[in-house]
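Descriptive structure summary
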Amino acid sequence: AEYMGGDHLLIGLEKLIAIMFSKMSVEQLTNMQKRINQSRKFDGDELWETATIVECGMSVAKDLIDLELPEFQVPIFADLEKLGVSMNPQLALLWNHTRETLKSSTVREHSQQNPFLSLARRLGWECGSILKVLQSSGISWGTYPDKLGIHCNAHVNNLVVKPLPIGDPNKPVTLLAPLDFDMAFDKQSFIPEAVENSAQKMFPRNWDGLMEWERLMCFRPSLAGSTFASTGVANVANQPHSPLTIAFRDCLVAGFDSAFECSDSVSLEETHVSDAMVCLVRLGLCLTSDVIA
């Protein structure tokens, strides 16, 4: 499960949600839907997908990591087939071991914060922090118009999951690492005339607009699960968009936004990479081990 792409992880975690929380009651789902809409400051009863919210420029829910969830169940490898989940048999030992470690670490690391949604916010924060470092240094990840449309490398599938140990207090403080800088360029290399002569009339005409495009039109929608920008692999799992899946995606975007706004009240020490987070990452990547991107 090491060095797999960001889309593999997000798709896998969405699939994991469907497995772990398959027995939520109608009342639990309804209450969760109300909480999400309240946090979004949305008055309607309908729960919109995160991608739609982001594409419409509306606010995502920002305070869901303490959302109360029912006790989760991770089936043993032998029971996955009954749920319609196929996986490489070579991963059976890893799956079952990680499943047991997740149960024990969740008890040991008892917290008021939900580990699933805390992980989502953490992943979003890391994505935003990486892009912010690049942009603050006057670097575009590789965004420009070409004959095929608009090319942009600022998306979640240009991040890889780092190898992370369990039970090591000195484990790395980040889960993700960026790559694919072959098309990156700095502000001094930006040629406005090339943009002005482009057939892509909706593309920004100056550097500041280019930076906003990377953030708001590429990276942020990719975390929301939008199909607006192609990342080279489908960014949405073939699962119904349940309230919990939507909460997961909202937390991703909220974490991303907090990195740019510097408004996150939770310090890095309080959102350290826990063993429960690492277990969830491993289980999610097991579910997409057969996806080639």
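This text goes with the structure placed above it.
Residues numbered from 1 in each chain as written. Predicted model: local features only at pLDDT ≥ 70, side-chain atom pairs only at ≥ 80, totals over all residues. Heavy atoms only, no water.

What follows concerns empty space enclosed by the protein. If you walk through the whole model with that rule in mind, you get one cavity of 30 Å³ or more. Of the pockets and cavities examined, the largest cavity occupies roughly 30 Å³. As for the largest cavity, its lining consists of Gly-6, Leu-9, Leu-10, Leu-123, Cys-127, Val-156, Leu-176, Leu-223 and Leu-252. Those elements giving two or more residues to the lining of the largest cavity turn out to be helix 1 (6–20) and helix 5 (115–136). (1 Å grid on protein atoms, 1.4 Å probe; cavity = no way out; pocket = protein on both sides within 12 Å on 5 of 7 lines; lining within 4 Å. Points joined across faces, edges and corners; volume = space filled by probe spheres on them. Helix = DSSP H or I, 4+ residues; strand = E, 2+ residues; numbered from the N terminus.)

Turning to helix 7 (residues 207–224), a few remarks are in order. Taking 1.5 Å as the rise per residue, helix 7 with 18 residues should run 26 Å; its terminal C-alpha atoms sit 25 Å apart, in good agreement. The principal kink in helix 7, of about 30 degrees, is found at Trp-213. Along helix 7, 13 of the 18 residues are buried, which leaves the element largely enclosed by surrounding structure. Between the side-chain oxygen of the N-cap and the backbone nitrogen of Asp-208 there are 3.4 Å, and the N-cap of helix 7 in question is Asn-206. Once helix 7 ends, the next one or two residues include Gly-225, with phi positive near 90 degrees. (Expected span 1.5 Å × (residues − 1). Bend = angle between axes of the 7 residues up to and from the residue. Buried < 20%, exposed > 50% of the residue type's maximum accessible area, 1.4 Å probe, protein only. Polar contact = N/O pair within 3.5 Å; in protein donor to acceptor, adjacent residues only side chain to side chain.)

Moving on, we get to the nonpolar core. Membership of the largest hydrophobic core comes to 74 residues, with the highest contact counts inside it found for Trp-95 and Phe-219. With ten residues, the single largest contributor to this core is helix 8 (residues 243–261). If we skip the residues at most four places from it in the chain, Phe-219 touches Cys-127, Leu-131, Trp-141, Ala-154, His-155, Val-156, Leu-159, Glu-214 and Phe-256. Phe-190, Val-195, Trp-207 and Leu-210 belong to the second largest nonpolar core, which has seven residues in total. (Core = buried A, V, L, I, M, F, W, Y, C linked by side-chain atoms within 4.5 Å. Contact = heavy atoms within 4.5 Å.)

Moving on to the pattern of salt bridges. For the structure shown, the criterion picks out nine salt bridges. For Lys-103, the salt bridge identified is with Glu-100, shortest N-O distance 3.9 Å. With a gap of three residues between them, Lys-103 and Glu-100 both fall in helix 4 (residues 92–108), about one helical turn apart. The class of Lys-103 is partly exposed, set by a relative accessible area of 42%. (Salt bridge = Lys/Arg side-chain N within 4 Å of Asp/Glu carboxyl O.)

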